[in-house]
Amino acid sequence: MVQRKRWMFALLAILPTLAIFAYVRIYPIADTLRLSLHKWDILSKNKPFIGLANFEELTGDPLFREALLNTTIIAFGVLLITIPLALVLAALIYHRTRSRFAGFYETAIFIPHVVSLVPAAMAWKWIFDARLGPLNALLTTFGFAPKAWLFDPVLSVVCIIVLCSWQALGYAVMIYLVGFKSLPISLYEAAKLDGASAPQSFWYLSIPLLKPITLYVSVVTLVSGFNVYAQAFVLASDAQGAPGRQVRVLVLDMLENSFRNYRVGYAASEAVVLLAIVLVLTLIQFRLLREKGVR
C-alpha cells in the first residue's frame, strides 16, 4: 500500500509537466499528421480528406527534391565538420584546464552558440561578400582570385555549412568537455606508464570512452542541421547577397507553401517527411554506435 501511494504521488507530481509536454510537443506532431492527409487551404472553408495525395505529389515536385538535397548536404556537412573538430578542441582545452586562460578558451568557443542567429548570419554575409568581404580581400592578398561566394549555388551551400558548423561547435565542445572531465584519470596514467603517447591515448582511450557523448552530440547536430532555415534565408537571399532562393531548404519550402501558396496540408506532408528522415537517421546513429560498444 505504501509503495502504491508513492507511485501515485510521483505520478500526480509529474502529471502537470507531462500535460504541458503533450500539449506543446505531442499535439502539434499529431495535428501535423492530420493536416498532411487533407487538402488544407487557408482561404477555403472546404478542407477535404485526400489521404496520401500530398505525399504522392511530393515525389514529383522538383522544388521539394532540391530542398531535400540541399538540406541533406548541409546537415551531413555540418556533422562531418563539427564532431571531429569539437572532439579535438575539447581535448586541447581539457589538457589546458590548469592554465589561467582555460576559462577564456571555453568562453571563446561557446560564444557563437549563444549569439543571436540573424545578427551572426549578417556578419558572415559581410565576410562572404563578393566585393567588400574580408575573405576575398584575404584571398587576393595571397594571389588567389576572388570568389562570388553567395552567387554560386555550390559555394552558397558551403557558406551555410561553415556558418552552421561555427554555431554548433561551441555546444559540442562543452558537451565533450563534460565527458572528458568524467573519464578516469587512472587509465591515462596507466597508459602513460606503458609508454603510450598523448595522441595514442586520445585515439585508443578517449575516443572509445566518449562514444556515448559522440552519439548524443551527433544526433543533436544532425537534427539541428536538418532544421536549418534562417542561415540559408539570410545568407543566400536578397540583393546584397545571392539571388533569392539560391539555396532552397526544407523549412523554407514548408513556410512558402504554407503562407505564400496557402497549401498548409502540402507543407504538413513535407514536415512529416522531415520528421521521418530525422527519426530514421537517429535510429541508424544509435545502431551504428551501439554495434561498436555503446550501451
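Residues numbered from 1 in each chain as written. Predicted model: local features only at pLDDT ≥ 70, side-chain atom pairs only at ≥ 80, totals over all residues. Heavy atoms only, no water.

1. Some remarks on the overall build of the protein chain
- Counting its secondary structure elements, the protein chain contains 13 helices and 0 strands.
- Reading the protein chain from its N terminus to its C terminus gives the helix and strand order α-α-α-α-α-α-α-α-α-α-α-α-α.
- With respect to the principal axes defined by its C-alpha atoms, the protein chain has extents near 80 × 75 × 30 Å.
- In the protein chain, buried positions account for 38% of the 295 residues. (Helix = DSSP H or I, 4+ residues; strand = E, 2+ residues; numbered from the N terminus. Buried < 20%, exposed > 50% of the residue type's maximum accessible area, 1.4 Å probe, protein only.)

2. Considering the packing of aromatic side chains
- Summed over all chains, the structure comprises 8 aromatic pairs.
- Between Tyr23 and Tyr27, the ring centres sit 6.1 Å apart and the planes meet at 5°, which makes this aromatic pair stacked. In this pair, Tyr23 and Tyr27 are both assigned in helix 1 (residues 2–35), 4 residues apart and thus about one turn of the helix distant.
- Residue class for Tyr27 comes out partly exposed when judged on its relative accessible area of 47%.
- Between Phe128 and Trp149, the aromatic rings sit 6.1 Å apart at their centres with planes inclined by 50°, giving tilted as the arrangement. On the criterion of sequence distance, the pair formed by Phe128 in the loop between helix 5 (117–127) and helix 6 (134–141) and Trp149 in the loop between helix 6 and helix 7 (153–182) is long-range, its members being 21 residues apart.
- One aromatic cluster is present, built from ring pairs that chain together Trp124, Phe128, Trp149 and Trp166.
- Geometry around Trp40 places Lys47 over its ring, the cationic atom sitting 5.1 Å from the centre.
- Its guanidinium or amino end placed over the ring of Tyr266, Arg263 lies 4.2 Å from that ring's centre, counting from NZ or CZ. (Phe/Tyr/Trp six-rings, centres within 6.5 Å; stacked < 30°, edge-to-face > 60°. Lys NZ or Arg CZ within 6 Å of the ring centre and 35° of its normal.)

3. Topic: a nonpolar patch on the surface
- A contiguous nonpolar patch, built from Met8, Leu11, Leu12, Ile14, Leu15 and Leu18 and spanning about 560 Å² of accessible area, is present on the exposed surface.
- Assignment of secondary structure puts Leu15 in helix 1.
- Residue classification places Leu15 among the partly exposed residues on the basis of a relative accessible area of 43%. (Patch = residues over 30% accessible without salt bridge, like charges linked within 9 Å, V, L, I, M, F, W, Y side chains within 5 Å. Areas by Shrake-Rupley, 256 points an atom, 1.4 Å probe, with all protein chains shown as cover. Salt bridge = Lys/Arg side-chain N within 4 Å of Asp/Glu carboxyl O.)

4. A short note on the pattern of salt bridges
- Under the criterion given, the structure shown has 5 salt bridges.
- Taking the shortest distance from any N to any O, the salt bridge between Arg34 and Asp31 comes out at 2.6 Å. Of this pair, Arg34 and Asp31 both sit in helix 1, 3 residues apart, roughly one helical turn.
- Between Arg260 and Glu256 there is a salt bridge; the shortest N-O distance is 3.5 Å.
- For Arg260, a relative accessible area of 52% gives the class exposed.
- Classification of Glu256 as buried rests on a relative accessible area of 11%.
- In the salt-bridge network here, residues are joined through shared partners; they are Arg248, Asp253, Glu256 and Arg260.

5. Concerning unusual backbone geometry
- For Tyr262, which is not a glycine, the phi torsion comes out positive at approximately 60°.
- Here Tyr262 is to be found in the loop between helix 12 (250–259) and helix 13 (264–291).
- The exposure class of Tyr262 is partly exposed, given its relative accessible area of 34%.

6. A short note on the packing of helix 3 (residues 62–94) against helix 10 (residues 211–226)
- Closest axis-to-axis distance for the helix 3/helix 10 pair is 8 Å, and the angle between their directions is 150°. Helix-helix and strand crossings are classified by hand; for helix 3 and helix 10 the assignment is right-handed. Facing helix 3, whose interface residues are Thr71, Thr72, Ile74, Ala75, Phe76, Val78, Leu79, Thr82 and Ile83, helix 10 presents Thr214, Val217, Ser218, Thr221, Leu222, Gly225 and Phe226.
- Split by residue class, the contact of helix 3 with helix 10 holds 9 nonpolar, 7 polar and no charged. (Axes fitted to C-alpha atoms, helices over the stretch in contact; angles between N-to-C directions. Left-handed = near helix turned anticlockwise from the far one by under 90°. Contact = heavy atoms within 4.5 Å. Nonpolar A, V, L, I, M, F, W, Y, C, P; charged D, E, K, R; others polar.)

7. Section: the environment of Leu222
- On the secondary structure map, Leu222 appears in helix 10.
- Here the alpha-carbon distance between Leu222 and Gly77, two residues 145 residues apart in the chain, equals 9.3 Å.
- Contact partners of Leu222, with chain neighbours within four places excluded, come to Ala75, Phe76, Leu79, Leu281 and Gln285.

8. Section: the packing of helix 8 (residues 185–193) against helix 9 (residues 198–209)
- Following both chains from N to C, one finds helix 8 and helix 9 inclined at 160°, their axes separated by 11 Å at the closest point. Taken as axis vectors, helix 8 and helix 9 run roughly antiparallel relative to one another. Crossing of helix 8 against helix 9: the hand is right-handed. Residue-level contacts link Leu187, Tyr188 and Ala191 of helix 8 to Ser201, Leu205, Ser206 and Leu209 of helix 9. (Parallel < 35°, antiparallel > 145°, perpendicular 65-115°, else oblique.)

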